[in-house]
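Residue strings, one per chain:
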Amino acid sequence: MTPETGQRAPRTGKSWISRWDPEDEGFWNSEGRPVARRNLWASIASEHIGFSVWSIWSVLVLFMIPEHGFTTTPEQKFLLLSAVTLVGAILRVPYTLAVPIFGGRNWTIISTLLLIVPTGAAFFLVQNPGTPFWLMLVLAATAGLGGGNFSSSMANINSYFPEREKGWALGLNAGGGNIGVATVQLVGLAVIALFTTSAGELVPLFYAPLILLAAWWAWRSMNNLVHVRSDIAAQLSATRDRHFWIMSLLYIGTFGSFIGTGFAFGLLLQSQFGLAPVQSAGIAVLGPVIGSLIRPVGGRMADSLGGARVTLWVFAAMAACAAVLVLAVQASQLGLFIGAFAVMFVLTGLGNGSTYKMIPSIYAAKAEDAIAAGEPREEALARTKRVSSSMLGLIGAVGALGGVAINVTFRESFAATGSTAPAFMAFGVFYLLCALVTWAVYLRKPARAAAPAATAAETVQR
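Quick caveat, the model's predicted, so the values are computed rather than measured.

1. Some details on the overall build of the chain
Right, on to step 1. Secondary structure assignment for the chain yields 19 helices and two strands.
Right, on to step 2. For the chain, the residues scored as buried account for 58% of the 462 residues in total.
Right, on to step 3. Taking contacts inside the chain between residues at least 6 apart in sequence as the whole, the part at least 24 apart equals 84%.
Right, on to step 4. Counting every atom, the chain has about 17,400 Å² of accessible surface; 67% of that belongs to carbon and sulfur.

What follows is the structure, given as structure tokens:
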């Protein structure tokens, strides 16, 4: 039995850590920080490969052209990307809950090795253009395994860092993973430039040894935290909290936009503006790079300015950017379209960091409310930390559904009008809604009578 939790440690061994209290400054400065950072870097590597595999079909669709025997239409390609995004979003729920069951280190190793399945499927499919579309859809959807890695990684790393450093740490973890969307596009661009569009199978082949390397790194460098124990009923009970659904909506707007447009950018350039695969890949790689690198900055800004304020500014700017994209499509202005998309990626990256910082802040405020109401401090902090870690993963799952909506909307818009302008109009309206919700719930001054219930909302302003 461990004195910290009163529960039996899952197993013994140097990979398991029984005592972990990052809020204790003495422990954090002497022991905690180097261990947390070691786990963070290995986690980033695994999540990076996961994102690359999840988004691999955003590149491979550029190889699926008539010259190589493929007859898939733009609408079918958008549907394929939607299916991959959907599977990744759904898997984020069990992946989040797997961390306390198996241990963060153990699950990172398992989830990384599972990526061999979608890379093998991609290697086969891109060489067999005669595969029935329904089978291609099913096999390609296994790339969603890479999407689940994000939630388990974020839930795990959240337990390692003190509240004052979560924004930066979670931003680094997420940003390092997100940039995998750009990395796979860079790999695709290199393959096209060196071997032409006839060598698409080299893209998944490139990732096979990297998957094994990331799993080895996790095995060598990561730990399992004993106190992060499984309490699925308590974790899922937080979904009854209104803040869960509000933050999920906001994360649909930020991360959903990032992953959805990141998957679709190259295909949009090819389908909407008629660019060649090498041109589409060369331009498309820039957006995810920008959005990924800027995400930690969004977390840092939220640490200093307040998550809600940064999120409100981001959504207002995203709505304006969507209006510019409508004009660019209608006027067939490629330069304006690329420039506005670059700005949109910057904004989604900032918003990803700021919204994710808001989540632990809300639940930290709830812990203080519980302590004020008489709950023992250690119990309240431990319980809300477990719940906030779970919420990071679950909200990440709901937010990823925004990527599905993005690609479905592009598909329907393109099928109905031959243009994506109606899709961008719809996105602009949604961003304005998200801005209004952010202001109303987390920034608008509460009435006197409602003040006690507004503690969590007020916290994310700071």
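2. Considerations on the confidence of the model for the chain
Right, on to step 1. The pLDDT averaged across the chain works out to 85; a share of 90% of its residues lies at or above 70.
Right, on to step 2. Below pLDDT 50 for its whole length, residues 1–12 participates in 17 contacts with residues either more than four positions away or in separate chains.
Right, on to step 3. Note on residues 447–455: pLDDT under 50 across the span, and three contacts to partners over four residues away in sequence or across chains.

3. A word on the environment of Ile211
Right, on to step 1. Tracing the backbone shows Ile211 in helix H10 (residues 202–221).
Right, on to step 2. The spatial distance from the C-alpha of Ile211 to the C-alpha of Thr112 is 6.3 Å, given a sequence separation of 99 residues.
Right, on to step 3. Look past the residues within four positions of Ile211 in its chain and what remains in contact with it is Ile49, Val53, Thr112, Leu113, Leu115, Ile116 and Thr119.

4. Let's talk about unusual backbone geometry
Right, on to step 1. Look at Thr196: it is not a glycine, yet its phi comes out positive at around 70°.
Right, on to step 2. When you line up the elements, Thr196 lands in the loop between helix H9 (180–195) and H10.
Right, on to step 3. When its relative accessible area of 44% is taken as the criterion, Thr196 is described as partly exposed.
Right, on to step 4. Of note in the backbone geometry, Ser332 takes a positive phi value of approximately 55° without being a glycine.
Right, on to step 5. Following the sequence through the fold, Ser332 ends up in the loop between helix H15 (307–330) and helix H16 (334–372).
Right, on to step 6. Ser332 gets classed as exposed once you look at its relative accessible area, which sits at 57%.

About the thresholds
- Residue numbers run consecutively from 1 along every chain, following the written order of its sequence.
- In keeping with the model being predicted, local features are shown solely for residues with a pLDDT of at least 70 and side-chain atom pairs are shown and tallied solely at 80 or more, while totals for entire chains, interfaces and linings include all residues.
- With hydrogens and water stripped out, all remaining heavy atoms of the structure feed into the side-chain values.
- Secondary structure elements are defined from DSSP: runs of H or I of at least 4 residues count as helices, runs of E of at least 2 residues count as strands, and each element is numbered from the N terminus.
- For the exposure calls, accessible area comes from a 1.4 Å probe over protein chains only, and a residue counts as buried if that area is under 20% of its type's maximum, exposed if over 50%, partly exposed in between.
- When checking whether two residues touch, look at their non-hydrogen atoms; a contact exists if any pair is within 4.5 Å.
- Only the protein chains shown count as cover for residues, and the accessible areas themselves come from Shrake-Rupley with a 1.4 Å probe.
- For every residue, the predictor assigns a confidence score, pLDDT, that lies between 0 and 100.

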